[in-house]
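# What the coordinates show
These are the residues of each chain, in order.
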Amino acid sequence: MASRSHLLLATLANMRRVVLLILIAGALLGGATFVIAHDPADLEFVPNLDRFALTAAYRRGGEVERANLEAELTPIPGADENAVQLVRDIDGDGDPDEIHFHLEVVEIQEEVYPGEFVTFWVFAPLGTAMTSPARLPSPTLRVEEGDIVEITLYNTHYLPHTIHLHGTSQENNMDGVPHMTNEEVQPGHAFTYRFVAGKPGTFWYHCHVQDQIHPSMGLAGMFIIEPNRPNNNFAHLVPGAGRITSMSKATREQYQNEYSLVYMDIDDHLNRIPAAYSDPREIEKRMHRDYDVTQAKSDIFLLNGRSFPFTLRDSPILVKPDEMTKLRVLNVGPRSIFLHTHGHHPTLTDLDGYPVPKDAQITRDVFDVGPGQRADLALRSGSDGYYASGPGVWLVHDHAQPAATNKGINPGGDHTAIIYDGFLGDDGLPKDPAGHASHEPYFNPDYYKGKVPVFDPKIFGTTLENYEKGWPTTPPAGGNFDYPKRDDNLAPLPRLDLIDGERHKPVANSCQTPVRSKQRIVVKAGTAYAKQGEVYAFEPRELHVERCAEVEIVMENTDEVRHDFMIPGLNPIFALNVVGPKTISGSFVTPDEDVTLFLHCHMPAHDKVGMMGKLIVGKGGPMKVISQLALPPVISKSYEGVGTVVGALPRNGRLIVDHEEIKGFMAAMEMSYPVTPQSLLNGLSAGDKIQFTIDGGNSTITSIRVIEYIK
Ligand SMILES: [Cu+2]
């Protein structure tokens, strides 16, 4: 029995704290059976994941319940294990009724279509020391009717923000409207929004600070309240939006599939401002006083944070014949969308989270959804010739013409497709009647720069090389005239991922011989130490250390948010990560050479607004740091790495890998890298041991070989 208890403890330690709490609550209420007394052989079946062996819902439920519980308890790649806390089962019905989300604000850059890198701000689940699961749109949050919901907003950004829950019912002082119900949450501060989830439906949340700008920067996500059912387990936080695989009980009663579709159109001149300037005062002035949203014109049209062709890969609507699919549509953008489903006539079931009465439920092929509105659609698939026209690949798009483009170039925008079973290729792209390779030209960044003719030059009797030769020199009929032209004068912005890659390259190794001295340095971190034009800072900013010394850093984080003290050039990398106000410490060994290393807070954009410094070893040396506003050098050289998969993120084409030192490229660390082609991510699971090739020029993983699959 002693060894069994020991095993049990080990298992519990691996579980999210929550299940333990649910179990204890259940045991106290006398409801759930505490199964410690059971041998695994007593179970009706032997679960393949022993951490679920203790839960009543897992044991009593069917395959779907178990899969949903698994989804609920699966760690979110890149997020802190406490980013979503399922606190307790109050009514003893087998699912948690108190949900606590922990969100921070992260500045990210997303490649929205080939070659177009756009800066966004998003709410993201609390991240870990090395990575963040931040992506566009902000995560889809899901709770159950009657749940006690807490959302703690850690403002890790350099401007004030709030969270406004749109459409749900909450007390006036939880409405998140600055200067009316809640003060803004200042940089470095945290605030917890509390409310009880009311009637079920599709809602959303967004920042209400400077609300002509902040939601359009990405601070918006879907908020779903699910009807109450017993043993209603599902993933409470879905990164980004798109397919919801762990459907709630009530949705499963009527539907086979469920999707959250977040539409958002942006003017990329706005999103350019925080990437083009670094002083937060200047960013404030240009975004909130110079930039006139009343003269803005959307030029990039996003579905779930991407534009075509990436939407095809990231947000396909996958169906089988004779299924019902629930589409939850949210429009975050400043103009109405007109959603057209080719070959299909969905039925409108809910508007703004409230059910449409049965005899008013209209069936159409174009649904208009205004800014801020939600529409829930029931999509029938099959071949009845009335609601559905049969298997294949059917375009789904906003029928407003500009939305069919990427800055005026078609095909682009929020195009996606209803893709029937059997019509999806291994590369994640649809196999349509036009031929599987027909999408290939659109993965070429030059196409969206307007450098490639949209039709085959052959039809004009010419070639690509000769395309602009021999055109008539006569003036146009009727004289010169003007028409709206693409603004293609904008030079590319520095890419944050490349700057990050460059900054984290190893510069010096820790001393390999026994240390010759010991030192202890207290570093304060927070908004309190910022100087003019800064938001966050360390104090002191210059750390003087001996060569080959063991240095203990005591970081006093005086803010209410996370700071990550990191010396990225040191091999092995040294990092301290803590949500404040709190003090932590850790030690590293300095190199045995006179060198100056860059140190920074690893939280995105914190170094940009002041949180950086120098580690001066011995007499020091020249420090090489790539500026946030400079284009990093392009060195195309491949490196080989070995590591363990932390998470494969097919939706944003990235891999989080905990890798060993990659000689000449990167110290041992957990890091997120883009992956090309994205199909390399297929079949990878957290825990797999891999070997990979990474292109040092663009920090992109170009090949992956699995050494050992996790069992
Ligand atoms: Cu920081």
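None of the values given here were measured: they were computed from a predicted structure.

## A short note on the overall build of the protein
Counting its secondary structure elements, the protein contains 10 helices and 38 strands. Counting only residues that meet the buried cut, the protein has 46% of its 711 residues in that class. In the protein, the share of contacts with a sequence separation of at least 24, taken over all contacts with a separation of at least 6, comes to 70%.

## Structural notes on helix H4 (residues 63–73)
Taken as a whole, H4 has its buried residues at Arg66, Asn68, Leu69 and Glu72. What you see down the axis of H4 is that its buried residues fit within an arc of 165 degrees, all on one side.

## Points about the environment of Val579
With respect to the element layout, Val579 can be found in strand E30 (residues 574–579). The class of Val579 is buried, set by 20 C-beta atoms lying within 10 Å. As for Val579 and Thr558, which are separated by 21 residues in sequence, their C-alpha atoms are 9.3 Å apart. Beyond its immediate sequence surroundings of up to four residues, Val579 is in contact with Tyr154, Val561 and Arg562.

## Looking at the pairing of strand E22 (residues 416–420)
Burial analysis of E22 places 5 of its 5 residues in the buried class, the great majority of the element. Relative to E22, strand E14 (residues 317–319) runs parallel, the two being bridged by 3 bridges. By the bridge assignment, Val319 is partnered in E22 with Tyr420. Sheet analysis places strand E21 (residues 393–398) next to E22, joined by 4 bridges and oriented antiparallel. Paired with Leu395 across the strands is Ala417, a residue of E22.

## Thoughts on the confidence of the model for the protein
Mean pLDDT over the protein: 87, with 89% of residues reaching 70 or higher. Segment residues 1–54 is flagged for pLDDT under 50; beyond a separation of four residues in sequence, or across chains, it makes 51 contacts in the model.

## Details of the packing of helix H6 (residues 268–276) against helix H7 (residues 280–290)
Put simply, H6 and H7 touch, their axes get as near as 9 Å, and they point 170 degrees apart. Comparing their axes, H7 and H6 come out roughly antiparallel. Contact residues: Leu270, Ile273 and Pro274 in H6; Ile283, Arg286 and Met287 in H7.

## Considerations on the sheet that holds strand E9 (residues 220–226)
A sheet is described by the order of its strands in space; here 5 strands give the open sequence E6-E8-E9-E4-E10, paired in mixed fashion. With one partner strand each, in any of the chains shown, strand E6 (164–166) and strand E10 (237–238) form the two edges of the open sheet. Sheet topology places strand E8 (residues 201–206) next to E9; 6 bridges connect them, and they run antiparallel. Among the inter-strand pairings, Thr202 is bridged to a residue of E9, identified as Ile224.

## Digging into the nonpolar core
Formed by 98 residues in total, the largest nonpolar core has its most connected members in Val122, Tyr263 and Val329. Looking at this core, the element that brings in the most residues is strand E2 (residues 98–113), giving 8 residues. Beyond its immediate stretch of four places on either side in the chain, Val122 contacts Val106, Ile108, Ala134, Arg135, Leu136, Ser138, Gly218 and Leu219. Among the nonpolar cores identified, the runner-up in size contains 60 residues, and Val551, Phe574, Cys601 and Met612 belong to it.

## Focus on the sheet that holds strand E19 (residues 366–369)
Strand order in the open sheet made by the 5 strands is E14-E22-E21-E16-E19, with mixed pairing throughout. This sheet does not close on itself; its edge strands, each paired only once, are E14 and E19. Each neighbouring strand pair of the sheet contributes to a mean axis angle of 20 degrees, computed without reference to strand direction. With 3 bridges joining them, strand E16 (residues 337–341) and E21 adopt antiparallel strand pairing. Of the residues in E21, the one forming a bridge with Leu339 is Asp398.

## Concerning the pairing of strand E17 (residues 347–351)
Two elements, E17 and strand E20 (residues 374–380), share 4 bridges in a ladder whose sense is antiparallel. When the bridges of E20 are listed, Leu348 appears paired with Leu377. Relative to strand E18 (residues 354–355), E17 runs antiparallel, the two sharing 2 bridges. Bridge pairing links Asp350 to Pro355 in E18. Here E17 folds back onto E18, and the loop between the two strands holds 2 residues, one of which, Asp352, carries a positive phi near 50 degrees.

## Digging into helix H10 (residues 496–503)
Note: α-helices contain 3.6 residues per turn, so residues at a spacing of three or four share the same orientation. Those residues of H10 that sit buried are Leu498, Ile499, Asp500, Gly501 and Arg503. If you follow the buried residues of H10, they end up packed against strand E32 (595–601).

## Brief notes about unusual backbone geometry
Looking along the chain, the bond that leaves Asn410 and enters Pro411 is cis, with omega of 0 degrees. Among the secondary structure elements, Pro411 is positioned in the loop between E21 and E22. Look at the link from Thr676 to Pro677: it is a cis peptide, with omega at -10 degrees. Relative to the helices and strands, Pro677 is located in the loop between strand E36 (669–674) and strand E37 (689–695). If you check the backbone angles, Lys407 has positive phi at about 50 degrees while not being a glycine. Along the polypeptide, Lys407 turns up in the loop between E21 and E22.

## Considering the environment of Phe191
With respect to the helices and strands, the residue Phe191 is situated in strand E7 (residues 190–196). Overall, Phe191 belongs to the buried group, with 20 C-beta atoms counted inside 10 Å. Excluding its chain neighbours within four sequence positions, the residues that come into contact with Phe191 are Leu153 and Val185.

## So, the environment of Leu165
Residue placement: Leu165 occurs in strand E6. When the C-alpha atoms of Leu165 and Tyr193 are compared, they prove to be 9.3 Å apart, with 28 residues separating the residues in sequence. If we ignore the near neighbours within four places in the chain, the residues touching Leu165 are Gln170, Gly176, Phe195, Phe203, Tyr205 and Phe223.

Here is what the cut-offs are and how they apply
For every chain, the first residue of the written sequence is number 1, and numbering continues from 1 along that sequence. Where local features are concerned, this predicted model is filtered to residues with pLDDT of at least 70; where side-chain atom pairs are given and counted, the filter is 80 or more; whole-chain, interface and lining totals use all residues. Note on conventions: DSSP H or I runs of at least 4 residues are helices, E runs of at least 2 residues are strands, and numbering of each starts at the N terminus. Field definition: a residue is buried when 20 or more other C-beta atoms are found within 10 Å of its C-beta, exposed when 12 or fewer are, and partly exposed for counts in between, with C-beta atoms placed from the backbone. By the criterion used throughout, residues are in contact when their C-beta atoms, derived from the backbone, lie within 7 Å. Think of it as the arc spanned by the lines of direction from the helix axis to the C-beta atoms. Whether two strands pair depends on DSSP finding at least two bridges between them. A residue's pLDDT is simply how confident the predictor is in it, with values from 0 to 100. A fitted line through C-alpha atoms serves as each axis, taken over the contacting stretch for helices, and the angle formed by two N-to-C directions is quoted from 0 to 180°. Every angle not falling under 35 degrees, over 145, or within 65 to 115 is termed oblique; those three ranges are roughly parallel, roughly antiparallel and roughly perpendicular. Each nonpolar core consists of buried Ala, Val, Leu, Ile, Met, Phe, Trp, Tyr and Cys residues. Their C-beta atoms, within 7 Å, join them into a set.

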